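Understanding the architecture of this molecule
So you can see what is in the structure, the chains are spelled out below.
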Amino acid sequence: MTTSAVQHSSSIGVLLLMLFIMSTTCQAQLSSTFYDSTCPNALTAIRTSIRSAIAKERRMAASLIRLHFHDCFVLGCDASILLDETPSIQSEKTARPNDDSVRGYGVIDNAKAEVEKACPGVVSCADIITVAARDASEYVGGPSWTVKLGRRDSTTASRTLAEGGDLPAFTDGLEQLITSFRNKGLNARDMVALSGSHTIGQAQCFTFRDRIYNNNASDIDAGFASTRKRGCPASGGSGNLAPLDLVTPNSFDNNYFKNLQQRKGLLHSDQVLFSGGPTDSIVNDYSKNPNTFKSDFASAMIKMGDIGVLTGSAGQIRRICSAVN
């Protein structure tokens, strides 16, 4: 081959590579109008299904927001958390941070079934989880936001990653939390805003037992600890539930941050956000300005929804959320 032919071949190769990158980039663009022509009633069907579930059980709003979070932090927002165990898939459902803890799988399955009636094989489970989190927030008085759509579903899951530190733990210190979120492209302000979802929902006794029975702790209000001990004995009752926000446990407001200022954060990972560190000022801001909190929460949820998404020809649109096609 002549030099000029080699150069020409090389130029074509570079051009093809550039076209591939451009194509991939275009495919990777999520859009709020993604289903406008292919399934125009998708968002309405999801909203109706989600509202019905929360009307039956108010706590489900917090569970759906948490389900979205636990999905996105392992492999990205790809509905991998919904996959059941198979000979080739180690389910994330049975990972330590999720087992007997993450809830709402059936609610997503029901929403998917409703969407499938209208548009079979069009709307991904990953998008349904993302929309469900937004609808859950709005239903209990939290912010709403425009959800970008076009995610596709993974064909695998990773119990290893789910147990390996990708998911923040209730025992984590502030630096650990900041690092965990930074690794997912979220900054400290995003992290504090997202933690504010603990203004609703409940926690199991084993997650805060050490905190309320630590007699040497200086970062917990004594009266608050005493109140929590009534429903969380020193031994036994590990699954007993307590609201993360004792004041308004069913309303999405900024009381969570006021609680932290009074040393009344239920989890260790809550209270470290207001413990003399760099996030104290953010907590102070949100405690004084509920609208700022809600706006930042919406922005952080949109950012989180972008983590590791599958688009274009990657992944698939699962017919049933718990199993690969």
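For the rest of this paragraph, the subject is the overall build of the protein. For the protein, the count of helices and strands is 14 helices and 2 strands. Overall, the C-alpha framework of the protein stretches about 80 × 50 × 45 Å when taken along its three principal axes. Burial analysis of the protein (325 residues in total) assigns 46% to the buried set. Here the analysis covers contacts within the protein between residues at least 6 apart in sequence; of these, 75% occur between residues at least 24 apart. As presented, the protein carries roughly 14700 Å² of accessible surface, and 52% of it is formed by carbon and sulfur atoms. Once the 32 positive and 31 negative side-chain charges of the protein are each reduced to a mean point, those two points are 4 Å apart.

Take the layout of surface pockets next. There is about 970 Å³ of room inside the largest pocket. R66, F69, H70, H198 and L267 are, among the 39 residues lining the largest pocket, the residues nearest its centre. For the lining of the largest pocket, the secondary structure elements donating two or more residues are α3 (60-72), α7 (174-182), α8 (188-195), β1 (202-204), α12 (268-271) and α14 (290-304). The element best represented in the lining of the largest pocket is α3, accounting for 7 residues. In terms of residue class, the lining of the largest pocket is made up of 21 nonpolar, 11 polar and 7 charged.

Our focus in this paragraph is the nonpolar core. Within the largest apolar cluster, 71 residues are counted, with the highest numbers of intra-cluster contacts made by L64, L82, I108, L273 and M304. Sequence-distant contacts of M304, that is, excluding residues within four places in its chain, are made with H68, F69, C72, F73, C77, L186 and L194.

Attention now goes to empty space enclosed by the protein. A full pass over the atoms with the stated rule returns 1 cavity of 30 Å³ or more. Of the pockets and cavities examined, the largest cavity occupies roughly 40 Å³. As for the largest cavity, its lining consists of T130, W145, T146, V147, K148, R151, M301, I302, G305 and D306. Within the lining of the largest cavity, the residues separate by chemical class into 4 nonpolar, 3 polar and 3 charged.

Over its 15 residues, α14 extends 21 Å from the first C-alpha to the last, a length consistent with the 21 Å expected when each residue adds 1.5 Å. Considered for burial, the residues of α14 that qualify are F293, D296, F297, A298, A300, M301 and M304. Summarising the contacts, the buried residues of α14 are in contact with α3, α5 (125-139), α8, α11 (255-261) and α13 (280-288).

Helix length check: α5 (15 residues) gives 20 Å between terminal C-alpha atoms against 21 Å at 1.5 Å per residue, within 8%. Extensive coverage of α5 is indicated by the burial of 13 of its 15 residues. Directly beyond the C-terminal end of α5, a positive phi value near 95° is found at G141.

To continue, consider the side chain of R228. Inspection of the secondary structure assignment puts R228 in helix α10 (residues 222-229). A polar contact is formed between the side chain of R228 and the backbone oxygen of P243, at a distance of 2.7 Å. Look past the residues within four positions of R228 in its chain and what remains in contact with it is F208, I212, A242, P243, L244, L246 and L266.

What counts, and where the lines are drawn
- Residues numbered from 1 in each chain as written.
- Predicted model: local features only at pLDDT ≥ 70, side-chain atom pairs only at ≥ 80, totals over all residues.
- Heavy atoms only, no water.
- Helix = DSSP H or I, 4+ residues; strand = E, 2+ residues; numbered from the N terminus.
- Buried < 20%, exposed > 50% of the residue type's maximum accessible area, 1.4 Å probe, protein only.
- Contact = heavy atoms within 4.5 Å.
- Areas by Shrake-Rupley, 256 points an atom, 1.4 Å probe, with all protein chains shown as cover.
- Lys, Arg positive; Asp, Glu negative; His and termini not counted.
- Charge placed at Lys NZ, Arg CZ, Asp CG, Glu CD.
- 1 Å grid on protein atoms, 1.4 Å probe; cavity = no way out; pocket = protein on both sides within 12 Å on 5 of 7 lines; lining within 4 Å.
- Points joined across faces, edges and corners; volume = space filled by probe spheres on them.
- Nonpolar A, V, L, I, M, F, W, Y, C, P; charged D, E, K, R; others polar.
- Core = buried A, V, L, I, M, F, W, Y, C linked by side-chain atoms within 4.5 Å.
- Expected span 1.5 Å × (residues − 1).
- Polar contact = N/O pair within 3.5 Å; in protein donor to acceptor, adjacent residues only side chain to side chain.

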